[in-house]
Every structure is written in structure tokens, then in C-alpha cells.
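Architecture and fold: a report
Each chain, letter by letter, is given below.
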Amino acid sequence: MAGYHDIKARRVGLDTHSEAIVLLHSGSAVCRSEGFAAHTRILLRASNHKVVATLFPVTSDIIGCDEAILSDSAWSRLDLKDGDTISIEHLDPVESLSLLRSRIFGHDLSENSFRAIIRDVVDGRYSSIHIASFLTACAAAPLSEKEILGLTRAMVDAGERLSWPEAIVVDKHSVGGLPGNRTTPIIVAIVTALGLTMPKTSSRAITSPAGTADMMETLAPVTLDAEAIRRVVKEEGGCIAWGGAVQLSPADDILIRVERALDLDTQGQMIASVMSKKIAAGATHLVLDMPVGRTAKVRTAQEAQELSHGLLVVAQAFGIKTRVLIGNGDQPVGRGIGPALEAQDVLAVLQCRPDAPADLRERATQLAGALLELAGVAPMDSGAALAMSVLNDGRAWRKFQRICEAQGGMRKPPVSAHKQSLHAQASGRIAEIDNRKIARLAKLAGAPEDKAAGVELLARIGQDIAAEQELCIIHAESPGELDYALAYAATHHDIFRIEST
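Residues numbered from 1 in each chain as written. Predicted model: local features only at pLDDT ≥ 70, side-chain atom pairs only at ≥ 80, totals over all residues. Heavy atoms only, no water.

1. Topic: the overall build of the chain
The line we're drawing: In this text, helices come from DSSP runs of H or I with a minimum length of four residues, and strands from runs of E with a minimum of two, each type numbered from the N-terminal end. Only C-alpha atoms enter the radius of gyration; for comparison, a globular chain is expected to reach 2.2 Å times N to the power 0.38, where N is the number of residues. Relative accessible area decides the class of each residue, using a 1.4 Å probe on protein chains only: under 20% of the type maximum gives buried, over 50% gives exposed, and in between gives partly exposed. For this analysis, residues touch if any pair of their heavy atoms sits within 4.5 Å. Positive charges come from Lys and Arg alone, negative charges from Asp and Glu alone, with His and the N- and C-terminal ends not counted. For charged residues, the charge sits on one atom: NZ in Lys, CZ in Arg, CG in Asp, CD in Glu.
The helix and strand inventory of the chain stands at 18 helices and 18 strands. Against the compact-globule benchmark of 23 Å for 501 residues, the chain has a radius of gyration of 24 Å, which places it among compact chains. Based on the C-alpha atoms only, the size of the chain along its principal axes is roughly 75 × 55 × 45 Å. Going through the 501 residues of the chain one by one, you find that 54% of them count as buried. Here the analysis covers contacts within the chain between residues at least 6 apart in sequence; of these, 78% occur between residues at least 24 apart. In the chain, 52 positive and 61 negative side-chain charges are present, and the distance between their average locations comes to 3 Å.

So this is what it looks like as C-alpha cells:
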């Protein structure tokens, strides 16, 4: 058959994250006969699996003319084994690209148009360039409310959807941009201890030092399929699982990866992203945590009000009872920034230890209290007190331990092999902590890939500091990563801005 070629597949450990890449020798029969060039999108098949990959020709002898080197992502999606062959075909024209071009030229997209685009995104028919064009088109001319609803429905319908027998299923989401702020495990433990159902699916970090799933993985397994999630929720009323294992709104993760590379964070896309995950998870009652601060994701009160309005419009359209809590986002919440360090904060709060971060404890009980009020478990203005009592009497800690055991067993968070303190260069009062730069510092130390890496904060805004006093401790798994973080800190003295008193 013309345009159809069988060739031996080879794996060399090419990590392209989630992008499917195939390398072919430029002198191979398939490249010569089909006219394939760099960045050509081609269809790869193996048995019952298929994937759309981006081609890069190779001119050196690192690859033979009778073989194809596949990225790890393409290899796993085709479920290949050493020695397997694949077929290579031309990719049919991607018809939804005409819809994308329509949006670029200023025309609104219908729900069906979004469905076509999102379906092609999930099927891998859009390259990163196509996705970047789609995101840019939706940013240059903001999405209308009708478009946001259409995009949200398309994203929900492109993946799995969980359903629950309970009439009330609660959920929580933080808009983000604030390091630490690991309230989710505490909230799940509190509300499920009071009999509510909270099947929490969380994300891994994309550009932050830790996602909730990364942190929770240091305490218990989080890669649960839909059947396992249902079992844990049936046993304990809730879970804290990685959402990527159940394919809830799978387009969201794909779009976010490109969005972050472009440094785009448009309101319409954010609303569709947040709400599609919550709708797909089967939530009926939702509390949204929205920190506002100069270096947070949402920077002004006006932005917060506009975003809140958009989120509530979508929530109402899908019948989800929702409350938005706008809070202070001037500095990180808790002491730890990085998976294991944040887990230690969570344990300290749940165990009611004297050294537990007071700000994390307060924020978690406020959000849990709002959920309890929204679900009718507590009267208005009394939810936070009820949540605090469940924390103080040990019910939340006991429930959390049972959830961890149900998910596969409780773990002890790892401890870093290397650490070093940063000290104040002068005395004064801490006027500002830059959320973005402190997060960058934690990432350079190795978080989230190295679970024990990150930053331990020892100072807060408003605190009086003496010269040479410790501001934070950098934790790393290797001396090299510690050196990277220290080099960054040495050239960014404004991570902690200290004013003379």
C-alpha cells in the first residue's frame, strides 16, 4: 500500500516528557519515498495502538536506514517491546485547524468547534506549535462566556467522568501561584471524618516545586485507577489521588504544558481548566481558594473578582454549588516548599504538634469550614470552628491514616542528604517574600523530581530580623543541585526584601 511502511522500532531513552517523537535516517526508504522532512506529523501504528508523532530526520550513523528511534512517550503509548516493528503512514489532514484559523482571525468558536479541536488535541493530532497557536488565539481575543462554557464541556467530554451514589460530593481547588499552601490532605481528612464524600484528584507539578500529588506521594501511593479510587472512597469517604491516572479532562494537562512554556495564563482558559476537572470528578459542591498577591497567580482584587465571576458562571451552568474564598497571597503558606517538606507540614498540622505552621492550620480549617457550610453540615459562620474541633480531637489525623492505608499504605517522607542555610545580610524587618523566586529556588534545589529537595522557610513577612539570622534552609539530594540553588540565591537578594527599622 502506498504511504505505508513497516520498520523496526528502537528505544534509546529519549525523554521528551509527553511529546511523541520519531527519528528516521534521512536516507531511509520511507523518508525518500514519502518526502518526509523535519517536523512532519506522521502516524505510527503497532498492533491495536496508534500515535501521531513529530518526525526529525537524522543524517549521522547513530540510526540505521531500517529502523526508527522513538521517544519514551511514543514507545509507551504504542506498548512496544524490544524487537517490535511499527508501521509508518501519512497523517490525514487535521480538519479542525481551519477552526483554529477562524479563531485567529477574530471569530468566536461554537461548542462543536471546540469539541473538534479538543478531540484532535487529546488524540495527539496537534503538535506543540498547533497547541501554542490555539492558546494564543484564545488569549489575544478573550473567550466570551459562551465560548468558555463550550470549551469546558468539550474538555469534560474528551475524558473519563466519575459518578457517585451520594447526593453531595464535595471538592476544593486552589487557583495556585502560592508555594506551600498544601491544605488539601488536611481538608479531605476533616470533611470525610464528618461523613462527607470527597474523592480528591490532584495534579502533579508542571512549573511549581510540588503539586498536591507529588507531596501526597511521599505519604501514600497516589497512582490509583478509577476502580481503586471508588474502592477507597467507598471504604473511607475520600481519597487524595493523582488525576492523571484516571484521565479526567486529559486535554487540560496537554494545554497547560504548552501554556506554561508560553507564560500564558488567560482567564478563559484557566476557568475551563479548573472547572472541567471538577465536573469530571463528579463534584456537586466546590470551594475555590484564590490567594491574591503581587507575586501570586492572581495579583489584584479586580482580577480576583473577574475570575470569581467567570468561575461561578460555569459552576452554575453545570449545577455545582460553589463558593470562592479570596485570601492573602503575599507569601508562602506553611514552612516547607517541596514534596517532602510540605508533607512534614501536613503531618505537623494533622498531629496537632506545637511546631505546626499556624498559617497552614488556619487556612485549611477555613477552607474545610466553608465546605462544611456549603454542604449543610455546619451553619454559616461556624464551619471553621467545627473543622478546628475535628483537627484538635484527633479525628482528622485518624481518618487521614485510614485513607493512606486504603490507598496502599502510609509512607515516611524522605529527608534530604544536603542542606544549607541562607542568612540575612542586614538587620531589619521582612517587607516582602517573592513567591515566584522562592519557588524557583526550590526547583533549582531539585524539587519536585527529588522528593526531599526544596526550601524550608524560617522567616515571615513582618518579622524583625538580625544580621546573619537564618532566613531559610535549602534542601537538596546532591551537592550539584545545592550549588545551583545557592548560586541563584547569591544573585537574587530580593527573594527576601528586608527594610531597615
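2. Re the sheet that holds strand β12 (residues 336–337)
Selection criterion: Any two strands between which DSSP finds at least two bridges are classified as paired.
Reading across the sheet, the four strands line up as β12-β15-β17-β13 and stay open at both edges, with antiparallel pairing between neighbours. At either end of the open sheet lies a strand with only one pairing partner, and these are β12 and β13 (418–423).

3. Considering the sheet that holds strand β10 (residues 285–292)
Keep this limit in mind: Note on method: axes are straight lines fitted to C-alpha atoms, helices fitted across the in-contact stretch only, with angles between N-to-C directions ranging 0 to 180 degrees.
Here three strands make up an open sheet; going across it, the order is β7-β10-β11 and the pairing parallel. Two strands close off the open sheet at either side, each with one partner strand: β7 (170–174) and β11 (321–328). Neighbour to neighbour, the strand axes of the sheet diverge by 15° on average, direction disregarded. Pairing of β7 with β10 involves five bridges; the strand directions are parallel. Note that in β10 the partner of S174 across the bridge is D289. Its contacts with the sheet put helix α14 (residues 358–374) on β7, β10 and β11, and the angle it makes with β10 is roughly 150°.

4. Examining the packing of aromatic side chains
Rule in force here: In this scheme Phe, Tyr and Trp rings, the latter by its six-membered ring, pair at centre separations within 6.5 Å, and the angle between planes marks the pair as stacked below 30 degrees, edge-to-face above 60, and tilted otherwise. The criterion is that NZ of a Lys, or CZ of an Arg, lies within 6 Å of the ring centre and within 35 degrees of the ring normal, and then a charge sits over that ring.
Inspection of the entire model under this criterion finds two aromatic pairs. A ring pair is formed by F114 and F134, whose centres lie 6.4 Å apart and whose planes are at 75°; its orientation type is edge-to-face. Placement of F114 in helix α4 (residues 111–122) and of F134 in helix α5 (residues 128–140) is noted, with a sequence separation of 20 residues between them. What makes F134 buried here is its relative accessible area of 0%. Both rings, one in W397 and one in F400, keep their centres 6.4 Å apart while their planes meet at 25°; by these two values the pair is stacked. One end of the pair is W397 and the other is F400, both in helix α16 (residues 395–406) and three residues apart, which spans about a single turn. For F400, a relative accessible area of 0% puts it in the buried group. Between the NZ or CZ atom of R204 and the centre of the ring of W242, over which it lies, the distance is 4.7 Å.

5. Some points on α14
In an α-helix there are 3.6 residues to a turn, and that puts residues three or four apart on one side. Keep this limit in mind: Each helix should span, by expectation, one fewer than its residue count multiplied by 1.5 Å.
Spanning 17 residues, α14 covers 24 Å between terminal C-alpha atoms, matching the ideal 24 Å at 1.5 Å per step. Within α14, 13 of the 17 residues are buried, leaving the element largely enclosed by the surrounding structure. Where α14 ends, the next residue or the one after it, G376, has phi of about 85°, a positive value.

6. What about helix α7 (residues 184–193)?
Counting buried residues in α7 gives nine out of ten residues, a clear majority hidden from the surface. Along α7, the positions that sit buried rather than exposed are T184, P185, I186, I187, V188, A189, I190, V191 and T192. Taken from the residues just after α7, G195 is the one with a positive phi, measuring 95°.

7. Remarks on the packing of α7 against α16
Spelled out, the test is: An angle below 35 degrees is treated as roughly parallel, one above 145 as roughly antiparallel, one from 65 to 115 as roughly perpendicular, and anything else as oblique. Think of it as three bins: nonpolar holds Ala, Val, Leu, Ile, Met, Phe, Trp, Tyr, Cys and Pro, charged holds Asp, Glu, Lys and Arg, and polar takes everything else, Gly as well.
The geometry of α7 relative to α16 is characterised by a closest axis approach of 8 Å and an angle of 105° between their N-to-C directions. Classified by the angle their axes make, α7 and α16 are roughly perpendicular. Where α7 approaches α16, its residues P185, V188, A189, I190, T192 and A193 are matched on the opposing element by R395, A396, K399, F400 and I403. The residue inventory of the contact of α7 with α16, partitioned by class, reads eight nonpolar, one polar and two charged.

So, to be careful, I would describe these as geometric facts and stop short of saying anything about function.
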